[in-house]
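# An overview of the molecular structure
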Amino acid sequence: MTVRTDWTREQIAGLFDLPFNDLLFEAQSIHRANFPRNEVQLSTLLSIKTGGCPEDCGYCSQSTEAESGLKATKLMDVQAVLQAAAQAKDHGSGRFCMGAAWRNPKDRDMPKLVEMVKGVRQMGMETCMTLGMLTEGQARQLAEAGLDYYNHNIDTSPENYANVITTRTFEDRIETLENVRSAGINVCCGGIVGMGETRSDRIGFIHALATMPHPESVPINALVPVKGTVLGDMLADTPLAKIDEIEFVRTVAVARIAMPHSMVRLSAGRESMSEACQALCFMAGANSIFTGDKLLTAANAGDDKDAALLAKLGMSAMQAQPHGHLEAAE
Ligand code: SAM
Ligand code: DTB
Ligand code: SF4
């Protein structure tokens, strides 16, 4: 299977338009040609610096613009982060993803961040961070510390971006993604569906991802509506704007077909998703989830529910492969 980055918008639109069974059959066929059929990669999130973020992302509880009642914290101590990582490992997670509510890290934060990466890596877990925009130099420092993945989402189509976020541009996002990639760090990049966007925006979103060097991980989040955020309040007022589950599954399937070698992560929003919908997402080629009780600030499905679901579906955890990109480069 060749990896194409020359998808046209019409081709992506054509995939979305397929009869549902045809779409799922194609997505599942591509999935099983490229990945272990019944394995799911497990990642665990930790918010290492919560709230007080100067960006105005309309979905996010951590923006200073949101009236979500969230208490802002300082950057956590390295030891506390490592303790949380050890616990995640004990619970069977393979990747530890550390998130900070920043527009960008300050250079004075870098030594602590480097220690966190080194410490988690030493435990044999894959490391991931999401800290906002990065300069080339900061990306290089994190790469040298051994960071495996950097998460930086495009969130939606280029044309819808300014309706969701005004404090940065789509191009700012692309610039950081390029800095991350040229530093040799694997890219984790996806977005959110269910923000009241149109089908055309979902087409534009997948088209943008599929026409860049494909991110190694593609998180597909379903909006977690948080009271006090622009989008959370909008959804509470117009419940019909909530994403249709079939349309959500279609989005996952199109991502799988357009990016056949990327890990597609069923991300935020699983807590309120039926088991049947999650099972359809796995059928559509999703092969990664966030485990644990909490995402960054919002609730997640939790280990017991996930263990039960994976057992019902006969699925098991994928083995972690820390430092994959470094070995590949040697
Ligand atoms: N501040 C960093 C940034 O924006 O890149 C990192 C953390 S940010 C919370 C990571 C991603 O989480 C966002 O890009 C967005 O896709 C997702 N996210 C945030 N709030 C969400 C929500 N309420 N529902 C679904 N996804 C959400
Ligand atoms: C991503 O795409 N989803 C994760 C991770 N990358 C950092 C974050 C989801 C956040 C959900 C809302 C919250 O917990 O505040
Ligand atoms: Fe800040 Fe990230 Fe939330 Fe946007 S998504 S407000 S950048 S923490």
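Residues numbered from 1 in each chain as written. Chains lettered and ligands numbered in written order. Predicted model: local features only at pLDDT ≥ 70, side-chain atom pairs only at ≥ 80, totals over all residues. Heavy atoms only, no water.

Operational definition: UniProt positions are given in the numbering used here, feature names are shortened, and annotations may be inferred rather than shown by experiment.
Looking at an unreviewed UniProt entry, the protein carries the name Biotin synthase, with the source organism given as Sphingomonas cavernae. Looking at the protein in UniProt, the text filed under Function (unreviewed entry) is "Catalyzes the conversion of dethiobiotin (DTB) to biotin by the insertion of a sulfur atom into dethiobiotin via a radical-based mechanism." According to the UniProt record, the Subunit (unreviewed entry) comment for the protein is "Homodimer."

## Comments concerning the UniProt feature "binding site: [4Fe-4S] cluster" (unreviewed entry) in the protein
Stated formally: Think of a 1 Å grid over the protein atoms and nothing else: a 1.4 Å probe that fits but is trapped marks a cavity, an open set flanked by protein within 12 Å on at least five of seven lines marks a pocket, and residues with an atom within 4 Å of a point count as lining. Strands here are runs of E lasting at least two residues and helices are runs of H or I lasting at least four, both read from the DSSP assignment and numbered beginning at the N terminus. The rule is simple: take the accessible area with a 1.4 Å probe, protein chains only, and divide by the maximum for that residue type; under 20% is buried, over 50% is exposed, in between is partly exposed.
Under the UniProt annotation, "binding site: [4Fe-4S] cluster" (unreviewed entry) lies at C53, C57 and C60. Within the annotated group, the residues that form the lining of the largest cavity are C53, C57 and C60. Tracing the chain through its elements places C53 in the loop between β1 (39-49) and α3 (78-90). Examined against the element boundaries, C60 turns out to sit in the loop between β1 and α3. Look at C60 and you get partly exposed, because its relative accessible area is 21%.

## Some thoughts on the UniProt feature "domain: Radical SAM core" (unreviewed entry) in the protein
Feature annotation in UniProt assigns "domain: Radical SAM core" (unreviewed entry) to the following positions: residues 38-261. With 39% helix and 17% strand, residues 38-261 has end C-alpha atoms that lie 16 Å from one another.

## Remarks on the site of ligand 2
Stated precisely, the cut-off is as follows: Nearness of a residue to a molecule or strand requires only that one of the residue's heavy atoms be within 4 Å of it. A 3.5 Å cut-off defines polar contacts: any pair of N or O atoms within that distance qualifies, except that in protein one atom must be a possible hydrogen donor and the other a possible acceptor, and neighbouring residues in sequence count only when both atoms are side-chain atoms. Accessibility throughout is a Shrake-Rupley quantity obtained with a 1.4 Å probe, and a residue counts as covered only by protein chains that appear here. Any molecule with more than half of its atoms within 2 Å of a cavity's or pocket's grid points is regarded as sitting in that cavity or pocket.
For ligand 2, the set of nearby residues contains 13 residues, the closest of which are N153, N221, L296, T297 and A298. At a separation of 3.1 Å, a nitrogen atom of ligand 2 approaches a polar side-chain atom of N151. A distance of 2.8 Å separates an oxygen atom of ligand 2 from a polar atom in the side chain of N153. Relative to its unbound accessible surface of 410 Å², ligand 2 loses 87% to contact with the protein. Counting atoms within 2 Å of the grid points, the majority share of ligand 2 lands in the largest cavity.

## Let's talk about the site of ligand 3
We count it as follows: Ten residue types, Ala, Val, Leu, Ile, Met, Phe, Trp, Tyr, Cys and Pro, are classed as nonpolar, four, Asp, Glu, Lys and Arg, as charged, and the remainder, Gly among them, as polar.
Every residue lining ligand 3 is accounted for by C53, E55, C57, Y59, C60, S63, A101 and R168. Its atoms largely coinciding with the cavity grid, ligand 3 occupies the largest cavity. When its residues are assigned to classes, the shell around ligand 3 shows 5 nonpolar, 1 polar and 2 charged.

## With respect to empty space enclosed by the protein
So the rule is basically this: Grid points are joined across faces, edges and corners, and a volume is the space filled by probe spheres set on the points.
One pass over the full model with this rule turns up 1 cavity of 30 Å³ or more. Looking at the largest cavity, it is lined by 42 residues, and the ones nearest its centre are Y59, C60, Q62, N153 and L296. At the level of elements, β1, β2 (95-100), β3 (126-130) and β7 (217-222) are the ones that each hand at least two residues to the lining of the largest cavity. Residues that form the lining of the largest cavity fall into these classes: 23 nonpolar, 12 polar and 7 charged.

## Some thoughts on the pattern of salt bridges
Opposite charge on two side chains allows them to pair when their charged atoms are near. Note the threshold: The term salt bridge refers to a side-chain nitrogen of Lys or Arg lying within 4 Å of a carboxyl oxygen of Asp or Glu.
Under the definition given, this model contains 13 salt bridges. Of the charged contacts, one joins R202 and E247 as a salt bridge, the two residues approaching to 2.9 Å between their closest N and O atoms. Taken together, the residues R202 in helix α8 (residues 199-210) and E247 in helix α10 (residues 245-258) connect sequence positions 45 residues apart. Comparing R202 with E247 shows no difference in burial state: the two are buried. A salt bridge links R270 to D306; the nearest nitrogen and oxygen atoms lie 2.9 Å apart. Here D306 lies in helix α12 (residues 303-313) and R270 lies in the loop between β8 (263-266) and α11 (275-283), a separation of 36 residues in the sequence. Side by side, R270 and D306 carry an identical accessibility label, which is buried. Each of the salt bridges in this network shares a partner with another, and the network as a whole consists of D17, E197, R199, R202 and E247.

## Some thoughts on the packing of aromatic side chains
Heads up, the rule is: Whether two aromatic rings pair depends on their centres lying within 6.5 Å, for rings of Phe, Tyr and Trp, where Trp uses its six-membered ring; planes under 30 degrees apart make the pair stacked, over 60 edge-to-face, and the rest tilted. Whether a charge lies above a ring is judged from NZ of Lys or CZ of Arg, which has to be within 6 Å of the ring centre and within 35 degrees of the ring normal.
In total, this model carries 1 aromatic pair according to the counting rule given. Ring plane angle 85 degrees and centroid distance 5.6 Å describe the contact between Y161 and F170, whose orientation is recorded as edge-to-face. Here Y161 matches F170 in class, with each residue buried. Note that R4 overlies the ring of W7, its terminal NZ or CZ placed 4.0 Å from the centroid. For R265, the ring lying beneath its charged end belongs to F290, and the centroid distance is 5.0 Å.

## Re the environment of P158
As a reminder, the rule being used: The criterion used for residue contact is that any of the two residues' heavy atoms lie within 4.5 Å.
Tracing the backbone through its elements, the reader meets P158 in the loop between β4 (149-151) and α6 (161-164). With a relative accessible area of 38%, P158 lands in the partly exposed category. Considered as a pair, P158 and L235 are 77 residues apart in the sequence and their alpha carbons are 22 Å apart. Setting aside chain neighbours within four positions, we find P158 in contact with F170, G204 and A208.

## Here's the deal with the packing of helix α2 (residues 20-34) against α11
The condition is simple: Note on definitions: angles span 0 to 180 degrees between N-to-C directions of axes, and those axes are lines fitted to C-alpha atoms, for helices only across the stretch in contact. Reported orientations rely on four angle classes, namely roughly parallel under 35 degrees, roughly antiparallel over 145, roughly perpendicular from 65 to 115, and oblique for the rest.
At a minimum axis distance of 8 Å, the contact between α2 and α11 shows a crossing angle of 60 degrees. Here α2 lies oblique to α11, going by the angle between them. In this structure, α2 uses F20, L24 and Q28 to contact α11, whose residues at the interface are L280, F282 and M283. Looking at the contact of α2 with α11, its residues break down into 5 nonpolar, 1 polar and no charged.

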